[in-house]
Amino acid sequence: MLLAYPFRVLVSHRAAPEAVTSMAVALLLLAGAADLVPTSVVIALTAGAGATLAGLRLSRLATRRGTDPTPRAAGVLLDGAVVAAGLTAVVLPLTNRGHTLAVLIGSLVAAALSITGLYRLPGRSRPAAASVRLRWLVESTGPAVGLALAGWLLLPRDGLSDPVRLVAALTLGGLGMAALNAFAGPWRRSGAAVCRGGVLLTLGGLVLLATFPSGRVALLAVPPLVFGMLLVAVGAAGAVDDAEPAEPVAAAWPRSVLPAAVLLLASGLHLVAGRAPDRTSVVLALAAVPPLVLRELLRAGDAPMSARRAAHRRPAGTAVRHRRAAPAHWLGRPEPPPERGLGVPEGAGIGAGSTWSTDDGPAWSALGRRPGAGPATPGDRAALLDALAAIGDVPAPTGALLLVDLHGTEGIGPTAREDVLAEAMHRARAVIAPDDLVTGCVGTGFAVVTGAGPVLAYALGTRLLSALSPPYQLAGAMLRVQTSIGLAEVSGTGPADVLRQAELARRRAVQLGRDRVEWYDAFLEEQLVRRLDLERELPGAVARGELDLVYQPVLDLADGQPVGAEALLRWRSPVLGTVLPAELLPVAEDLDLVGELEWWVLDRACRQLSDWSVGVRELWMAVNVTTRELTTPDFVQRLAAVLAAYGVPPERLVVEVSEPRVAGDLPTVVARLAGLRSLGVRTALDDFRAEHASLAQLRRLPIDLLKVGPELVDARSDGQPPLIDVVVNVGERLGVELVAEELELSTQVEGARRGGCRYGQGFALARPATAERVEAYFEEFPSASR
């Protein structure tokens, strides 16, 4: 059953064909190993079964409905590749001569179709920079040569000439390492990576078939061949149907440990057999040395980065790094907290009024220079860079740069702003060491250069936060400011790089809500590049037809029947892959594209709802809107026009708004929700929290559905009854029905049912999928109430 798990897509029972195929393959392999069934027959039957099942899965992808032809083209090509691979193995019992040639021809056809299909597959990760690809190649070459050496040692010598054996070993080593990179690389959880790994396994199985002309040893080709074909189908479906992509984090240990383990095993077996190393083994072993040396040299260049990360690992209970809050709820995801997300206007530039930069233009002032005295001379900036260079020139450099930015001085005059900055620098000098350097900058910030190590430098940053937080006395008023501090270590990198790194960290502190210290990390630069890519590609995504919707069914918890679905936005970018609303919302807000995207979602959801009215059943569709768009004056009128255009009854649409955001403009939100209900549209409050303020606010809101998370359903640590009991009682008094969402465990589903929730939604019930697959899912419930 473990083999069945990766193939589960919508509900668990759909993995049954893969599970049955896996067990049948295992039984046939055992029969072949025991000489109960001829080897060629075992290969033909197992490959035929795997190709048939994978081909059926891919044929559905190739014939699916939709406006985007790219998934269909990928499905056709990958289906052809799987069929070619399966036929190559199936016809082996009929081939008396030209065994190797037939397999090679089939392998080339399958490889050509697979490569083209992978290129057309949605969800591919964006191309990496040339330097990243070169580094990845260097780090993969050594393990690949090690796998090739293992193949050379393990491949049988009987019946194989040395050139054929060497070519087979090198090919298997390259394919094996490429498969490891797919399954353990940064995007290993994406459907495209799974599909790519499946293609590589399939080709590896074909290479083994071409290498072994006969005998039971040919059975070694069956597992990679069959399971590779199944993974091709699973990965392709996952890439198109958008199983939630995870963050791009690589698993380094499989790519290092597995090749070494295979080589160690092969060497042990070779020695146990009493065989001495031959010339080819020695050459392959020596060939693995240069890439390994080059890899270590590259890693040595990363030592400063590793030192920074090591310094971040503080004892439990000591807060060093600050992680961002949960992703934003928008069109199916939680909305961000009141602080802005990535790209906040104050951080889009370097800082309010600041001119931090590594160019020749920043206005640095020397220690003691009056802030705001005008642009500094090049010698002032040179003084700061010289101080950083002096720390970095020692054999074992230790030191740090802290960039401090003050927020909240925008509404005061320039003279008062200068006074606040002068007072801030005076407070800073009171907490730094005598040998530390403080420099001012025209605007609202200053810099501190310290010779302390990373941990002490971070402690200094926290002391600066405490010293700068008390109010500032101005003429007749007190001013409170917020502080953002970026910290970068001086550990062998150039002064300009240290300055840039500290600025990136300071910008991150602004983005995460201010009043914090942020450490530079290389991931910050990756995020910045990602952010710039999003800002470049998002405008025009609607016009280019790159947006898509997936739908997550909502079930009646009493009888398990579907009652509706929630529309969730996906951006299928050909450059960035599939982008979720959690990433979209901050960028769309800053680019003022929220309205355009939300109305596209409403239009597409209503159109799909109209199609389902004819072909499926009368189910309701839930669509999330932000309070920003809901409170526009013409929202109700525009929505009524969309419903009329598609002939959708208003009661079939549910408009959801997030509870944490409604308090900002509660009267307008109440008016718009009332307008929607008068139109006949049902309304829902999402992300409800069982707090006193939320309960009081609930009584004012004209809503029909209340959506609660699993935290209200789960048992409480203090032994008290779950909070869902309180919410259900309030909902019953107000005539509001409850929907328990984000249910990922069967215990949560049962808790929601016992607690009195009428409806449920979450991975434990049904996963988000395309309209066609959700429609097929609905067809499994012909007796469901409408």
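Details of the structure are given in the entry above.
Residues numbered from 1 in each chain as written. Predicted model: local features only at pLDDT ≥ 70, side-chain atom pairs only at ≥ 80, totals over all residues. Heavy atoms only, no water.

**Digging into the nonpolar core**
Here is step 1: With 79 residues, the main nonpolar core has Leu 639 and Leu 706 as its most contacted residues.
Here is step 2: Setting aside residues no more than four positions away along its own chain, Leu 639 makes contact with Trp 599, Leu 602, Leu 653, Val 655, Leu 676 and Val 681.
Here is step 3: The next biggest cluster of nonpolar side chains, apart from the first, holds 56 residues, and it includes Ala 179, Ala 192, Val 199 and Ala 266. (Core = buried A, V, L, I, M, F, W, Y, C linked by side-chain atoms within 4.5 Å. Buried < 20%, exposed > 50% of the residue type's maximum accessible area, 1.4 Å probe, protein only. Contact = heavy atoms within 4.5 Å.)

**Comments concerning the packing of helix H6 (residues 162-184) against helix H7 (residues 191-211)**
Here is step 1: Put simply, H6 and H7 touch, their axes get as near as 8 Å, and they point 165° apart. Between H6 and H7, the angle is such that the two are roughly antiparallel. Crossing of H6 against H7: the hand is left-handed. Of the residues in H7, those touching H6 at Ala 168, Thr 171, Leu 172, Leu 175, Ala 178, Ala 179, Ala 182 and Phe 183 are Ala 193, Val 194, Arg 196, Gly 197, Gly 198, Leu 200, Leu 201, Leu 203, Gly 204, Val 207, Leu 208 and Thr 211. (Axes fitted to C-alpha atoms, helices over the stretch in contact; angles between N-to-C directions. Helix = DSSP H or I, 4+ residues; strand = E, 2+ residues; numbered from the N terminus. Parallel < 35°, antiparallel > 145°, perpendicular 65-115°, else oblique. Left-handed = near helix turned anticlockwise from the far one by under 90°.)

**Focus on the environment of Gly 159**
Here is step 1: In this fold, Gly 159 is placed in the loop between helix H5 (130-154) and H6.
Here is step 2: In this structure Gly 159 comes out as exposed when scored by relative accessible area, which is 71%.
Here is step 3: The spacing of Gly 159 and Phe 212 is 53 residues in sequence and 8.4 Å in space, taken between C-alpha atoms.

**Side note on the pairing of strand S16 (residues 737-740)**
Here is step 1: With four bridges joining them, strand S15 (residues 705-708) and S16 adopt parallel strand pairing. The residue of S16 that forms the bridge with Val 708 is Ala 740.
Here is step 2: As defined by bridge partners, S16 adjoins strand S17 (residues 759-760) across two bridges and the pair is classed as parallel. Its bridge partner lying in S17, Val 739 is registered against Tyr 759.
Here is step 3: Following the backbone out of S16, through helix H27 (residues 746-755) and into the adjacent parallel S17, one traces a crossover that is right-handed. (Pairing = 2+ DSSP bridges. Right-handed = clockwise from strand over helix to strand, strands pointing away.)

**Comments concerning unusual backbone geometry**
Here is step 1: Unusually for a residue other than glycine, Asp 515 sits at a positive phi of about 50°.
Here is step 2: Tracing the chain through its elements places Asp 515 in the loop between helix H17 (495-511) and strand S8 (516-519).
Here is step 3: A relative accessible area of 43% places Asp 515 in the partly exposed class.
Here is step 4: Despite not being glycine, Asp 592 shows a phi value in the positive range, around 60°.
Here is step 5: Mapped onto the elements, Asp 592 comes out in the loop between helix H19 (581-590) and helix H20 (594-615).

**Some words on the pattern of salt bridges**
Here is step 1: Inspection of every chain in the model, using the stated rule, returns 22 salt bridges.
Here is step 2: Among the salt bridges present, the one from Glu 537 reaches Arg 536, with a minimum N-O distance of 3.1 Å.
Here is step 3: Judged by relative accessible area, which is 15%, Glu 537 ranks as buried.
Here is step 4: We note a salt bridge from Glu 741 to Lys 707, for which the minimum N-O separation is 3.6 Å. Placement of the pair is Glu 741 in the loop between S16 and H27 and Lys 707 in strand S15, with a sequence separation of 34 residues. (Salt bridge = Lys/Arg side-chain N within 4 Å of Asp/Glu carboxyl O.)

**Concerning the pairing of strand S12 (residues 620-624)**
Here is step 1: Taking burial as the measure, the five residues of S12 include five buried ones, the bulk of the element.
Here is step 2: Neither face of S12 is left uncovered, since the one carrying Trp 620, Ala 622 and Asn 624 and the one carrying Met 621 and Val 623 both have all their residues buried.
Here is step 3: Bridge analysis of strand S10 (residues 562-573) against S12 gives three bridges, and the strand direction is parallel. Each bridged residue has a counterpart across the sheet, and for Glu 566 the counterpart in S12 is Ala 622.
Here is step 4: In the sheet, S12 pairs with strand S13 (residues 653-658) via four bridges, with the strands oriented parallel. Across the sheet, residue Val 623 finds its bridge partner in S13, namely Val 655.

**Observations regarding the packing of aromatic side chains**
Here is step 1: Summed over all chains, the structure comprises seven aromatic pairs.
Here is step 2: An angle of 45° between the planes, with centres 5.3 Å apart, marks the rings of Trp 599 and Phe 635 as tilted. In this pair, Trp 599 sits in helix H20 while Phe 635 sits in helix H22 (residues 635-646), placing the two residues 36 residues apart along the sequence. Grouping residues by exposure puts Trp 599 and Phe 635 together as buried. (Phe/Tyr/Trp six-rings, centres within 6.5 Å; stacked < 30°, edge-to-face > 60°.)

Geometric values such as these leave the question of function open.
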